[in-house]
Amino acid sequence: LAKTTQPISMDSYEGQEVNITCSHNNIATNDYITWYQQFPSQGPRFIIQGYKTKVTNEVASLFIPADRKSSTLSLPRVSLSDTAVYYCLVGGGRETGGGNKLTFGTGTQLKVEL
Amino acid sequence: DTGVTQSPTHLIKTRGQQVTLRCSPISGHKSVSWYQQVLGQGPQFIFQYYEKEERGRGNFPDRFSARQFPNYSSELNVNALLLGDSALYLCASGGAPTDTQYFGPGTRLTVL
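Residues numbered from 1 in each chain as written. Chains lettered and ligands numbered in written order. Predicted model: local features only at pLDDT ≥ 70, side-chain atom pairs only at ≥ 80, totals over all residues. Heavy atoms only, no water.

**Q** I tried to follow the interface of chain A and chain B on my own but got confused; where do I start?
**A** When the parts come together, some accessible area is lost, and that loss is often what is quoted as the size of the interface. With 21 residues of chain A at the interface, the matching set in chain B holds 21 residues. Classifying every residue of the side of chain A that touches chain B gives 6 nonpolar, 13 polar and 2 charged. (Contact = heavy atoms within 4.5 Å. Nonpolar A, V, L, I, M, F, W, Y, C, P; charged D, E, K, R; others polar.)

And the structure:
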C-alpha cells in the first residue's frame, strides 16, 4: 500500500483558507485518494475522495496533479470547529478485487484560532 | 439516515478478561471493517468482512477475532485482554470492500 507523508501540524486563523498537502509517491494506478477528519474520541469522518484533477464538495476541495504523487486538501474559510486531525489515505482501487485496508498515518493536526 | 452504530460506548475490563464489541453498518452496506486506535496514533486495520466472509486481516494476534452476521452487523472479540489493548475501537462500513468507508463513533475500551 502507498505510504503517505503529510505535515504533523498546521496553525491557522478563522476565515482563512487552509491547504494541507499529502505526498504519496508510490501511489498505484488503481488507488483513490481519500481524506478524513477526526475529532478527539470520535470516529474519522469522510471529507472527500478523488482520483485525478479536482474534486469539490460542500466542505472541501481536493486538488490532484497529473502525476498523482501528491494531493492537496483545501478547506475554505476555516472556523474554530475545523480544529481536528486530518488524514490522507490512498488505496481502495476498485479493480483490485480485494478488500480495502485503509492505512492511516499520524495525520495533520490542524489548529484554528480566533 | 442512520449512520454506523457501535455498542457499547465505553467499556472497562481487567487483564485476562474477554470482550465483545458490536457494530451495525449503514443500511444497505455489506462490508464492515474494524480498526484499533491507540491514543495519539492513527487507526490501525484489524479485520474486514464482506458478505460474512473475512476479506482482510491486519497484523493483530489471534486473540482478536470477528464475525459478520446475515444482517451484516458484526462483532469483534478480544480474548485474554492486555493493558495494551486499551484503545478506541472503530467500525467502518461500506457498500463493497473497496467502496468509501464510513466510520462509527467507536467503543472506548479500558483495560485495568
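**Q** How should the sheet that holds strand β5 (residues 53–56) of chain A be read in this particular structure?
**A** Backbone-to-backbone hydrogen bonds pair the strands of a sheet. The strands run either parallel or antiparallel. Residues and elements named next belong to chain A. Strands sit in the order β2-β7-β6-β5 across an open sheet of 4 strands; the sheet is antiparallel. Of all the strands in the sheet, the pair left with one neighbour each is β2 (18–23) and β5. Direction aside, the axes of adjacent strands within the sheet are offset by 15 degrees on average. Alignment of β2 against strand β7 (residues 70–75), held across 6 bridges, turns out to be antiparallel. Across the sheet, V18 pairs through a bridge with L75, a residue of β7. (Pairing = 2+ DSSP bridges. Helix = DSSP H or I, 4+ residues; strand = E, 2+ residues; numbered from the N terminus. Axes fitted to C-alpha atoms, helices over the stretch in contact; angles between N-to-C directions.)

**Q** Help me out: how do you make sense of the confidence of the model for chain A in this one?
**A** Any residue range with low pLDDT should be treated as having predicted coordinates unsuitable for detailed reading. When pLDDT is averaged across chain A, the result is 89; 90% of the residues are at 70 or more. Across chain A, the secondary-structure element scoring lowest on mean pLDDT is strand β8 (residues 84–91) of chain A, at 92, and the one scoring highest is strand β9 (residues 108–113) of chain A, at 98. (pLDDT = per-residue confidence, 0-100.)

**Q** Sorry, what's going on with the nonpolar core here?
**A** Nonpolar side chains in soluble globular proteins generally cluster together in the buried interior. Of all hydrophobic cores here, the largest spans 21 residues; its most connected members are W34, I46, L76 and Y89 of chain B. Mapped by element, the contributors of at least two residues to this core are β3 (19–24), β4 (31–37), β5 (44–50), β7 (64–68), β8 (74–78), β9 (87–94) and β11 (107–111) of chain B. Within the second largest apolar cluster, 20 residues are counted, among which are A60, V78, C88 and L110 of chain A. (Core = buried A, V, L, I, M, F, W, Y, C linked by side-chain atoms within 4.5 Å. Buried < 20%, exposed > 50% of the residue type's maximum accessible area, 1.4 Å probe, protein only.)

**Q** How should I be thinking about the pairing of β5 of chain B in this particular structure?
**A** Sheet faces and side chains relate simply in a regular strand, where the side chains alternate between the two faces. Residues and elements named next belong to chain B. Burial within β5 is extensive, with 5 of its 7 residues counted as buried. Relative to β5, β4 runs antiparallel, the two sharing 6 bridges. Within β5, the residue paired with Q36 across the bridge is Q44. Taking the residues that link successive antiparallel strands as the turn, the β4-β5 hairpin has 6 residues, and the phi of G40 there is positive, at about 90 degrees.

**Q** Explain the environment of Y86 of chain A here, please?
**A** All names here are of chain A. Along the chain, Y86 turns up in strand β8. Measuring from C-alpha to C-alpha, the distance between Y86 and T108 comes to 5.1 Å, with 22 residues separating the pair along the chain. Setting aside residues up to four positions removed in sequence, Y86 forms contacts with Q6, I20, W35, Y36, Q37, I47, L73, L75, G107, T108 and L110. Among the polar contacts made by the side chain of Y86, one reaches the main-chain carbonyl oxygen of D82 at a distance of 2.6 Å. (Polar contact = N/O pair within 3.5 Å; in protein donor to acceptor, adjacent residues only side chain to side chain.)

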